[in-house]
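Secondary and tertiary structure notes
As a plain string of letters, each chain reads:
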Amino acid sequence: MKHFLDLSLISKQELRQIIENSKARKKNRSSKGKVLPDKDKPLEGKLLLMVFEKPSTRTRLSFDLAMRQLGGETIVMNSENLHLGIGGETIEDTARVFSSFSDIVMLRTFEHSTLVKFSELLTVPIINGLTNDSHPCQILSDVMTFEEIKGPIVGKKIAWIGDGNNVTNSLMEASALFDFKLTIACPKNFLPSKKVLNWSKKINNNITIVHDPKDAAENSDCIMTDKWISMGDKGDLKKKRKAFKDFKVNSKLLKLAKKDAIFMHDLPAKRGEEVSAEVIDGKQSVVWQQAENRLHCQKGIIEWCLKGK
Ligand code: CP
Ligand code: NVA
């Protein structure tokens, strides 16, 4: 069974294949109507079931359209409408029903352990649509976007400025697998996962953690960031915002990067917090191309999962 749980669980050759397939499918569609399937309809008759414990705009839309363009169909469920979500049914029983009704599942959840548990129980593949710990679909698609604009990512210098969160964790895995340099600038109390960092270190020495955003931005090919407050963040959020006040990506910071550097943000964004309007709406920002590529990359991911069955 080919589950798409985390980048670190998939070989770099296979990740590269997913990106190449996504690019090819993107190229071949040209001006087709949005819901018209690709010519080969590789997933005709197949059903993708999507379950969301958290809100989503891009992930939900892109997976829905991706499956339809591959010739399949989708059903979307919010967890509060499931017996599982309100505590009335076990994961075991839910997984059994999911397995018999669908061909592939996508789950956006709080606890990463819920995703893993489903992956152990389902008899169909499952895709990580974001957990508190990681967001691999986002980062794979971001690698595709970076390369469309700036060519091969290998050896390039990426700066992450902001929270050490789920997106950062997947970015660290990508930095090891796709072999690019990653400097993370975050406050001392908001570091990314130590476990992922240690895993990355075993592959290469691409990741540096600093606490001054200038040190990360300097001479970089790309500056990336994300919201200061993620879905499901607990604790004193006022205090958290305060800790990030010097971690805003503004024009002054962007000027420290290479002249032709790009700005990336997975979205949704909060202008005036992690990024200034000038930067996100400016010439170096590629956030809308990033959002669109979610669709193309989801197609590569879904196909990879189902081809291995
Ligand atoms: N970037 C991303 O995953 O967006 P959504 O939360 O809108 O799905
Ligand atoms: N870190 C953010 C990503 C949103 C796509 C969150 O988890 O809310």
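Quick caveat, the model's predicted, so the values are computed rather than measured.

Lining the immediate surroundings of ligand 1 are Ser56, Thr57, Arg58, Thr59, Arg108, His135, Gln138, Asp266, Leu267 and Arg294. With respect to ligand 1, the side chain of serine 56 contributes an N or O atom lying 2.7 Å from an oxygen atom. Here an oxygen atom of ligand 1 sits 2.9 Å away from a polar atom, N or O, in the side chain of histidine 135. For the shell around ligand 1, a count of residues per class yields one nonpolar, five polar and four charged.

A word on empty space enclosed by the protein. Enumeration over the complete set of coordinates arrives at two cavities of 30 Å³ or more. Within this model, the largest cavity holds a volume of roughly 50 Å³. Taken together, Ile139, Asp142, Val143, Phe146, Ile153, Ile158, Leu171, Phe180, Cys222, Met224 and Met264 make up the lining of the largest cavity. Secondary-structure elements contributing two or more residues to the lining of the largest cavity are helix 5 (136-150) and strand 8 (222-225). Here the element with the most residues in the lining of the largest cavity is helix 5; it accounts for four residues. Grouping the amino acids of the lining of the largest cavity by side-chain chemistry returns 10 nonpolar, no polar and one charged. In this structure, the second largest cavity encloses a volume near 30 Å³. Considering the residues around the second largest cavity, the lining is formed by Val51, Glu53, Ser79, Leu82, Leu84, Leu107 and Phe118. Looking at side-chain class alone, the lining of the second largest cavity contains five nonpolar, one polar and one charged residues.

The rules behind each value
- Residues numbered from 1 in each chain as written.
- Chains lettered and ligands numbered in written order.
- Predicted model: local features only at pLDDT ≥ 70, side-chain atom pairs only at ≥ 80, totals over all residues.
- Heavy atoms only, no water.
- Near = heavy atom within 4 Å.
- Polar contact = N/O pair within 3.5 Å; in protein donor to acceptor, adjacent residues only side chain to side chain.
- Nonpolar A, V, L, I, M, F, W, Y, C, P; charged D, E, K, R; others polar.
- 1 Å grid on protein atoms, 1.4 Å probe; cavity = no way out; pocket = protein on both sides within 12 Å on 5 of 7 lines; lining within 4 Å.
- Points joined across faces, edges and corners; volume = space filled by probe spheres on them.
- Helix = DSSP H or I, 4+ residues; strand = E, 2+ residues; numbered from the N terminus.

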